[in-house]
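# Remarks on the overall topology
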Amino acid sequence: MVGLVAQASPISLAVLVILLLFSVVAWAIIAVKLAAFRKVDRQTAQFIQVFRGAAKFSDVQSVCASLAASPLVGMFLAGYAELNAQLRHSPAAGSGSPGTAASRPTLKSLAAVDRALLRASSAEVNKLEKRVTFLATTASITPFIGLFGTVWGIMSAFTSIGAQGSTDLSVVAPGIAEALIATAAGLFAAIPAVYFYNHLTTRVKVYATEMDDFALEFLNISERNFT
Amino acid sequence: MDAVSAVLRQRAREAEPLGKVLGWSLLVHVGLTVLLAVVPASWLGARLAEEPAVVMQISLGGAVGPRDGGLSTLGGRPVQQVQPVETKKAIEAVRPPAAKAPEMVERTRAAPKKQTATAKVEAKDPRSRTPTKGAEVQAGSAVAQTAGRGQGFGLSAGGGGTGGYLDVANFCCPDYLATMVDLITRHWSSKQGADGTTLMKFVIERDGRLTNIQVERSSGTPAFDYYSQRALSLTRQLPPLPAAYTGERLTVHLNFDYVR
């Protein structure tokens, strides 16, 4: 193995180094994303529990800082900010004394809250999907880079065979074996990238449906209490 | 800027840092690469070119045949036997019996045939040999039951070979093999009080040293295996491989036959 790589041409070496870099970055992203998603799973479950148990939105807001990894926190904060903005400017909040049924604050527009949740939802999905696209790039590019290295290696191997004027297997084989390492390295980088790209995007989809579900729940509560 | 945008911007700023993990990933990759380079090639499935692949097997004692069943490699000699005379029989078509001529009619006599001139010329030809036919002793190819028994290995002209074989397609020098067998049998005797066969495998180096001696197929009796191994170990040194043989080493599979 050492001998094969040591006598490789500069182009083959460059191909191998590029593939190594791709693999390094891809695995780093995989590790970071897996850790982050595990955190997201845990904190989302906690947040849902708090959200359903709390009597007031302000109670929920107090735990948001500690559960920041969950995408639902982002949606809640956005929806709560919109609610606050609307209630602060409503006439009921300004004039009447709070606590009485007549002076209960009302929303001007529930659709605006919905839009705020939608904005937050897409922002959160973007955040979850950040860097995952690099895995797709790695998966599709690295086999080609490896193939390029192999083709180049075989080309130079045949050139040297022609120069030596011998088709003996001991002349042909090492060059081709050296060239094939590039394809192997390309596949080595690509296969985990494909697997984890599919894995991570599927999980993002699951989070997206959870977020849609949460948006509807938030709207329901808002409508029940503030209209 | 409204409150919602502020929240979104704040959220977008919190991202997972990649730098530290990138370092770890690089470390692991470099480690794996070094491991791949250090690991012996055989672990990765490469075959080391220590022994040549078996292209063809050459038996030391005739073709590798069935077990000899009483015929020994040395005992199986060609014997002479009577060759049966070939007789040609003309095939006659089935015909109805010829009609008999009536008695009264006088028999017609065929005119005597004149001898042709060519027959005389043939008889006079002094160079022609008289064709012979009949019982004649010729060399046969049958194997006779001589109740003799060879040493278990050896070079013989006929019989079912049970000797051994080489791992090369064309070994040049049978003389060398004869010498090898001769030298090995100096440290060995087939009469050990029980029957059995041990197939040994060993390598003759270029300089004639015996190396890599191992039991390839055990006889089932450890003592025999050990005795065969001992014979090879005691032999230790053979003449250098003949110059006509170009290989670096010669792998030999040799049967050690034991008899009561």
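The sections below set out a description of the structure shown in this document. (Residues numbered from 1 in each chain as written. Chains lettered and ligands numbered in written order. Predicted model: local features only at pLDDT ≥ 70, side-chain atom pairs only at ≥ 80, totals over all residues. Heavy atoms only, no water.)

## A word on the overall build of chain B
Counted only if it meets this: Numbering of helices and strands starts at the N terminus; helices are DSSP runs of H or I of at least 4 residues and strands are runs of E of at least 2. Burial classes follow relative accessibility: with a 1.4 Å probe on protein chains only, a residue under 20% of its type's maximum area counts as buried, one over 50% as exposed, and anything between as partly exposed. Pairs of residues are marked as contacts when any of their non-hydrogen atoms sit within 4.5 Å. Using the Shrake-Rupley algorithm and a 1.4 Å probe, accessible areas are obtained, with residue cover drawn only from the displayed protein chains.
Within chain B, the regular secondary structure consists of five helices and seven strands. The secondary structure elements of chain B, listed N-terminal to C-terminal, are α-α-β-β-α-β-β-α-β-β-α-β. Residue burial in chain B is summarised as follows: out of 260 residues, 29% are buried. Contacts spanning at least 24 positions in sequence make up 83% of the contacts within chain B whose residues lie at least 6 apart. Per element, the accessible surface of chain B, about 18700 Å² overall, is 57% carbon and sulfur.

## Digging into the overall build of chain A
When you go through chain A residue by residue, the secondary structure sums to eight helices and zero strands. Listing every helix and strand of chain A by position from the N terminus yields α-α-α-α-α-α-α-α. Residues counted as buried form 40% of the 227 residues belonging to chain A. Sequence-distant contacts in chain A: of pairs separated by 6 or more residues, those separated by 24 or more amount to 82%. As displayed, chain A has an accessible area near 11800 Å², and 66% of this comes from carbon and sulfur atoms.

## A few points about helix α5 (residues 222-235) of chain B
Residues and elements named next belong to chain B. As a reminder, the rule being used: What a helix should span is 1.5 Å times the count of its residues minus one. It is the directions from the helix axis to the C-beta atoms whose arc is reported.
Compared with an ideal rise of 1.5 Å per residue, which puts 14 residues at 20 Å, α5 spans 20 Å between its outermost C-alpha atoms and is within 8% of the ideal. When α5 is considered as a whole, its buried residues turn out to be Phe224, Asp225, Tyr227, Ser228, Ala231, Leu232 and Thr235. Summarising the axial view, the buried residues of α5 lie within an arc of 165°, below the 170-degree limit, and thus occupy one face. For α5, exposure combined with an orientation more than 90 degrees from the buried face picks out Pro222 and Tyr226.

## Re the interface of chain A and chain B
Here is the rule: The term buried area means the drop in 1.4 Å probe accessible area that two parts suffer when joined, counted for both and summed. Salt bridge criterion: a side-chain nitrogen from Lys or Arg within 4 Å of a carboxyl oxygen from Asp or Glu. For the purposes of these results, a polar contact is taken to be a pair of N or O atoms within 3.5 Å, where, inside protein, one atom must be able to donate a hydrogen and its partner to accept one; residues adjacent in sequence count only when each atom of the pair is a side-chain atom.
Contact residues are listed per partner, giving 32 residues for chain A and 22 residues for chain B. A buried area of about 2200 Å², summed over both sides, lies between chain A and chain B, and 69% of it is on carbon and sulfur atoms. Here chain A is connected to chain B by one salt bridge. Across the pair Glu124(A) and Arg11(B) runs a salt bridge whose closest N-O atoms are separated by 2.9 Å. Viewed at the interface, chain B and chain A are joined by seven residue pairs in polar contact (both at pLDDT 80 or more).

## Observations regarding the nonpolar core
The condition that has to hold: Joining through side-chain atoms within 4.5 Å is the link that ties buried Ala, Val, Leu, Ile, Met, Phe, Trp, Tyr and Cys residues into a set, and such a set is a nonpolar core.
The biggest cluster of nonpolar side chains holds 48 residues, and the ones touching the most others in it are Phe47(A), Phe51(A), Phe57(A), Met75(A), Phe76(A), Phe214(A) and Phe218(A). Mapped by element, the contributors of at least two residues to this core are α2 (10-53), α3 (57-64), α4 (71-89), α6 (110-129), α7 (132-164) and α8 (169-226) of chain A together with α1 (3-13) of chain B. Not counting residues up to four positions away in its chain, the partners in contact with Phe76(A) are Phe47(A), Phe51(A), Phe57(A), Val60(A), Gln61(A), Cys64(A), Phe214(A) and Phe218(A). Within the second largest apolar cluster, 26 residues are counted, among which are Phe171(B), Leu183(B), Ile184(B) and Phe224(B).

## Observations concerning a nonpolar patch on the surface
Residues and elements named next belong to chain A. What counts is decided by this rule: Any residue with relative accessible area above 30% and no salt bridge may belong to a patch, with like charges joined within 9 Å and the nonpolar Val, Leu, Ile, Met, Phe, Trp and Tyr side chains within 5 Å.
A contiguous nonpolar patch, built from Ile11, Phe144, Leu147, Phe148, Val151, Trp152 and Met155 and spanning about 680 Å² of accessible area, is present on the exposed surface. Broken down by element, the residue count for the nonpolar patch peaks at six residues, all from α7. Its location among the elements puts Val151 in helix α7. Looking at Val151, the relative accessible area reads 47%, which means it is partly exposed.

## Looking at unusual backbone geometry
Residues and elements named next belong to chain B. The phi dihedral of Asn212 falls on the positive side, at around 55°, and the residue is not glycine. Within the secondary structure layout, Asn212 lies in strand β6 (residues 210-217). Among the residues examined, Asn212 registers a relative accessible area of 37% and is labelled partly exposed. Positive phi, normally seen in glycine, also occurs at Arg236, with a value near 60°. Checked against the element boundaries, Arg236 lands in the loop between α5 and β7 (249-258).

## Here's the deal with the pairing of strand β5 (residues 196-205) of chain B
All names here are of chain B. For clarity, the threshold we go by: The pairing criterion for strands is at least two bridges between them, as found by DSSP.
Most of β5 is tucked away: nine of the 10 residues are buried. Pairing of β5 with β7 involves 10 bridges; the strand directions are antiparallel. Its bridge partner lying in β7, Gly196 is registered against Tyr258. As paired elements, β5 and β6 share five bridges and run antiparallel to each other. Opposite Leu199, over in β6, you have Arg217 as the bridge partner. Linkage of β5 to β6, two consecutive antiparallel strands, is achieved through a turn of four residues, within which Gly208 is found at a positive phi near 95°.

## Let's talk about the environment of Pro240(B)
Here Pro240(B) lies in the loop between α5 and β7. Between the alpha carbons of Pro240(B) and Ile204(B) there is a distance of 8.5 Å; along the sequence they are 36 residues apart.

## Thoughts on the environment of Ala26(A)
All names here are of chain A. Looking at the secondary structure, you find Ala26 in helix α2. What makes Ala26 buried here is its relative accessible area of 3%. Spatially, the C-alpha atom of Ala26 lies 9.2 Å from that of Arg131, the residues being 105 residues apart in sequence. Look past the residues within four positions of Ala26 in its chain and what remains in contact with it is Phe134, Leu135 and Thr138.

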